[in-house]
Every structure is written in structure tokens, then in C-alpha cells.
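Spelled out from the first residue to the last, the chains are:
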Amino acid sequence: MRRFSWFNATSLTLGFAFLYLPMILLIVYSFNASKLVTVWAGFSTQWYGELFRDEAFLDAAWVTLQVAVISSTIATVLGTMAAIVLVRSGRFVGRTLFSGMIYAPLVMPEVITGLSLLLLFIGIGLDRGVLTIVLAHTTFSMCYVSVVVSSRLVSFDQSLEEAALDLGCSPFDAFRLVTLPIIAPAVISGWLLAFTLSLDDLVIASFTAGPSATTLPIKIFSSVRLGVSPEINALSTIMIGIVAVGVITASLISKRASLRQQQDEQAAARATG
Amino acid sequence: MRRLLIAIPYLWLLALFLVPFLIVLKISLSDVVLAIPPYAPTLDLSEGWAGIKAFFAALDFENYWFLTSDDLYWKAYLSSLQIALISTAITLLVGYPIAYGMARAPQEWQATLLLLVILPFWTSFLIRVYSWMGILSTEGILNQVLLFIGIIDEPLTLLNTNTAVYIGIVYTYLPFMILPIYAALEKMDDSLLEAAEDLGCSRIGAFWLVTVPLSRSGIVAGCFLVFIPAIGEFVIPSLLGGSRTLMIGKVLWEEFFNNRDWPVASAVAIILLLILIIPIILFQRNQQKQREVEG
């Protein structure tokens, strides 16, 4: 029997207070009427109004969204391919280098990734802008996608795909009709991870973005460098809200899906037994 | 078909990961000049063999020597290591009781608690660091509360100090520490603890002799997951740290953007990687051992 003591309860309470209080305070102060961020002067939504009137923020948000959608989509395709290569392809020339290049970006400090990509773009004379940020984000997030997808592929029963091939499927159809639906949850979470990483990235984007394209994190960083700003509080509240709704919805959906799968399996067991 | 499958991601990574890295290596061996781009390449492939010979003849580790001659750099490396090490230790002290509490919580809470730990991970890193600026500043909420309670008489200077950097690292990397420890503790068989107590162990003795060794793999994984990224951290020292906070990620950034000294910035990057290789290899070994035990 598990013993849930007072000590456990206290450490959980304090721990979650530590994790959540800073964000809750940020949300509360985003509704503060005073420009002085530390003095409470009554409820107001004026900072949200100012935020939505600020063209620079809206432009940056639009660039960030474009970069995140494009880079995470390409990264999901490339990362899934890389995962299949890693798990299925057996030996081939340069395999060690390949898996090294998949795992290295995960531990590479962002400042080095950013620096090296910038030097490449300057070296080949590519103008810095949305394209270069997309290339940079795709490269590091495809590695995360491939780790997520390959962990799912490892546990996948390959005989299912072989059965499809025996029954006359082309290799591509066998992948599309059998493998892809089974690894789909991992592919989707890989995409979400890539999307979040791209939305979140400041360092690599700062190196690879030119004057023509500013992303939201770059804009946030330059405005908070000198101190707290009420507009950024409002923006943070919106971002925290979106993430909270997204994560909670995703977990409810996956909970329901696993419940249904359980029921299906039980029904199947009854039918065959 | 199979060839294409291998070739596409392979070429992508070669072009956008390996080649850029080799460029950094090359530039770290170049000379600084006042031009755009601000370095003189020492390796000129267009001259063929003669160019390569000239490259090796002229090869000097001038920028690396420069790094050893100026105090700033090795102090920054040492202080990054120190800050990463201390904050990893604090994160472990803070994270272990939370992971332990989660593992012992009633079964029906566990999914929710896990979700609560993962949620901050999906929230913007930058925003989570920023949230502490309002708390730690001189007129900040923490100082107001402490003054109100009467613990202090005048506000503490917290923001723009190393203390703020420690708080920032512990706060942002805490989920990375909690998750692997929780994963290890959750698998633990409670009857082992009962056995230890039946055999005369005190509760605390059983904790040290049974629980901690069984969660060792989680502790090691969590520590590396905090330590490795903390060394190269840029956002936390530049928002929460002060002018005296030396961290190598920040030095690299300033060398590149403010001083425009690309060769030295590249040399800083190469040495940072050399420092990181040891913990990364140790981490890989730990993970592999873990897989063998489980597999």
C-alpha cells in the first residue's frame, strides 16, 4: 500500500506553487491598470488593447506562426523518414554519422547551432529572412521528431506491414495504409513538439533572422531586456492561455482514445474467446 | 526507394548541420580582419593542393591562444560550469521531493500531476524566465511580501545577480529533473520498503538504502538533462543575470553581435563543445545501461 504522508503532500503543494505562482502573477498583473508593473491600481484590459494595436507585434506574431507551421511540417516529414531509416534500414554506409547527426543537435547549445547556421547562410550568400529561419528550425526540430517517432516504431510489429506486402500492397501503400495509422500518434506529437520548439525559439532565430523578419520571441526579448513591460504581460497571458487549453484538450482526447482502444480490445477478446 | 529515403534526410543534415559546423571550425582558425565578412579565410580550396598546403603551413591556433591570454574567457568557462553545477544540485534537491510525492500520490491523481509537470514545458521558455523579472526586482513582489511580513527592513537586490540566475535555471529546468526521477520511482515495488522495515530499518534508513539507490538512474538522467543545457544557457543570464554574471553562452553572443569578432566567437564555440563532450558521453552511457537493464 502506498503511504502518502504529510511530507509528500507538503512537498507537492510547495513544488506546484513554485512552478505555477510566477505564471499566475504574470496573468494577474497583465490586468493591472498601472504602468508601474509592481503596483496594483485596479482592473483594466488596456494593455491587451495596446498590444492588438501594435503593428510590430502583430507582424512578428504572423512571421512566427508562418515559420512554425512550415518548419514543423517539413521537420515532421524529414524526421519520420529519418526515424524509419534509423529503425528499419539496417546497415548502410555512413550509418554512424547519420545517427550522430540526429542526436547531436539535441544536446548542441543553441548559441552554437545558431552561429554555425548563420555562418553557412552568409557563406553561400543567402539573404536572411523567413526562409533562413525555416531552414534552421526544420533542421533542429526534425531531430526531435525522429526521436519521438523512432521510439514508437521500435515497438511496432513489422509483420503487419509484411502481411500487407504479401497481400499485394506496394511498399508505399503498405506504409500509408498500415504503418502510418499505427505510428500516427507519435507523428502528431512530433509535429506538436516541433511546432512548440519553433514558436519558442529565441537564440537560433536571432542568429538566422535578418532585419526583414522578426519573430515574436525576438520582439519579446528586445522589449523586456530593459525591464518588465505590461504589454508583454498581456501577450504572455494570451500565450499561456493558448498552451493550457491546447495541452489539456490534447490530454483529454488521448485519454478518451486510449479508453476506447481498451474497450475495443476487450470486445475483441470476448468475440474471439 | 530505400536509397531516396536515406538520402533526403541525410543530405539535409549534412548540408545544414555538418557543413555549418565545419565552417565554424574553419573560421575559428582564420584571422580577424576589418571587412565584411570580418575574417580572412586561411583555407582556399580554389587553389587546389597548393591552397591546402598553404593552409596547413599557416595553421595557427591564434584565436585559441587569444582565449587563454585573456582572463575573461577561461573565467567565463569556469563560472558557467560552476553555475550549472550548483543549479543542478539545487534542482535535484527541489525536484526529488516533488517526484517522490508524485510517485506516492493516490493512483487516480497521477495522470493529473504528470500533466501539471509537463504543462510548463510547453509554455514559452522566454516567458517563464521573464516572469521572474517582476518578482525579483527591487520593487518586486517578493521584496514587497518580505518587507510586509517584516523579515527584511530594506529591499534585497536579487535581480541581475547570480542568485537570480540560479533561481531561473532551477525554475525552468525543474520538469526535466522531476520526470526521469518520477519514472524511476513509479516503477519501484513498495514491498521492498516493507521488507526493509520488517528487517529493522527505520523509515529514513529504508529511504536511503532502498528508494534512493533504486531511483539512481532517474537522478543521473535528470542531472544531465539540467546540467548540459545549463552550461550553454543564454536567455537566463542575459535577462536575470547582472553585468558580473559570466556565462559562456552570453560571452559568445556578445563576441559575435557586439564585437563582431567571428573567429574568436567560433573558437569560443569549439571549446564549449569540447567541454560538453564529456558529460554528453557519460549521459549516453547511462541511458544505454538503463536500456540494457530494462531490455
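Since we're looking at a predicted model, the values are computed, not measured. (Residues numbered from 1 in each chain as written. Chains lettered and ligands numbered in written order. Predicted model: local features only at pLDDT ≥ 70, side-chain atom pairs only at ≥ 80, totals over all residues. Heavy atoms only, no water.)

1. Considerations on the packing of helix H1 (residues 6-30) of chain A against helix H4 (residues 71-104) of chain B
- At a minimum axis distance of 8 Å, the contact between H1 of chain A and H4 of chain B shows a crossing angle of 120 degrees. Between H1 of chain A and H4 of chain B, the angle falls in the class oblique. In this structure, the crossing between H1 of chain A and H4 of chain B has a hand that is left-handed. Of the residues in H4 of chain B, those in contact with Phe7, Asn8, Ser11, Leu12 and Gly15 of chain A of H1 of chain A are Pro97, Ile98, Tyr100, Gly101, Met102 and Arg104 of chain B.
- In terms of residue class, the contact of H1 of chain A with H4 of chain B is made up of six nonpolar, four polar and one charged. (Axes fitted to C-alpha atoms, helices over the stretch in contact; angles between N-to-C directions. Helix = DSSP H or I, 4+ residues; strand = E, 2+ residues; numbered from the N terminus. Parallel < 35°, antiparallel > 145°, perpendicular 65-115°, else oblique. Left-handed = near helix turned anticlockwise from the far one by under 90°. Contact = heavy atoms within 4.5 Å. Nonpolar A, V, L, I, M, F, W, Y, C, P; charged D, E, K, R; others polar.)

2. Notes on the side chain of Arg128 of chain B
- Relative to the helices and strands, Arg128 of chain B is located in helix H6 (residues 125-136).
- This buried residue, Arg128 of chain B, is left without a salt bridge; Asp200 of chain A holds the nearest opposite charge, at 5.7 Å.
- Reaching out from Arg128 of chain B, the side chain makes a polar contact with the backbone oxygen of Thr172 of chain B at a distance of 3.4 Å.
- In this view, Arg128 of chain B contacts Met23 of chain A together with Pro120, Phe121, Thr123, Tyr171 and Thr172 of chain B; residues no more than four positions away in its chain are not counted. (Buried < 20%, exposed > 50% of the residue type's maximum accessible area, 1.4 Å probe, protein only. Lys, Arg positive; Asp, Glu negative; His and termini not counted. Salt bridge = Lys/Arg side-chain N within 4 Å of Asp/Glu carboxyl O. Polar contact = N/O pair within 3.5 Å; in protein donor to acceptor, adjacent residues only side chain to side chain.)

3. Focus: the pattern of salt bridges
- The final tally for this structure, using the stated rule, is four salt bridges over all chains.
- Two residues, Arg88 of chain A and Glu161 of chain A, come together in a salt bridge whose shortest N-O distance is 3.5 Å. With Arg88 of chain A in helix H3 (residues 55-88) and Glu161 of chain A in helix H7 (residues 158-166), this pair connects stretches of sequence that are 73 residues apart.
- Residue Glu161 of chain A is classed as buried on the basis of its relative accessible area of 13%.
- With its nearest N and O atoms 3.7 Å apart, the salt bridge here joins Asp71 of chain B to Lys75 of chain B. With Asp71 of chain B and Lys75 of chain B both in helix H4, this residue pair falls four residues apart, about one helical turn.
- By relative accessible area, which is 39% here, Asp71 of chain B ends up partly exposed.

4. Observations regarding the domain arrangement of chain B
Residues and elements named next belong to chain B.
- Structurally, chain B comprises domain 1 (1-60) and domain 2 (62-294).
- Once you take the C-alpha centre of each, domain 1 and domain 2 turn out to be 35 Å apart.
- Contacts between domain 1 and domain 2 engage 13 residues on the former and 12 residues on the latter.
- At the boundary of domain 1 with domain 2, total buried surface from both sides reaches about 1,100 Å², with 67% on carbon and sulfur atoms.
- In this assembly, domain 1 and domain 2 are joined by two residue pairs in polar contact (both at pLDDT 80 or more).
- Broken down by element, the residue count for the side of domain 1 that touches domain 2 peaks at five residues, all from helix H1 (residues 2-28).
- Taken together, the residues of the side of domain 1 that touches domain 2 sort by class into nine nonpolar, two polar and two charged. (Domains from an automatic or database assignment. Buried area = accessible area lost by both parts, 1.4 Å probe.)

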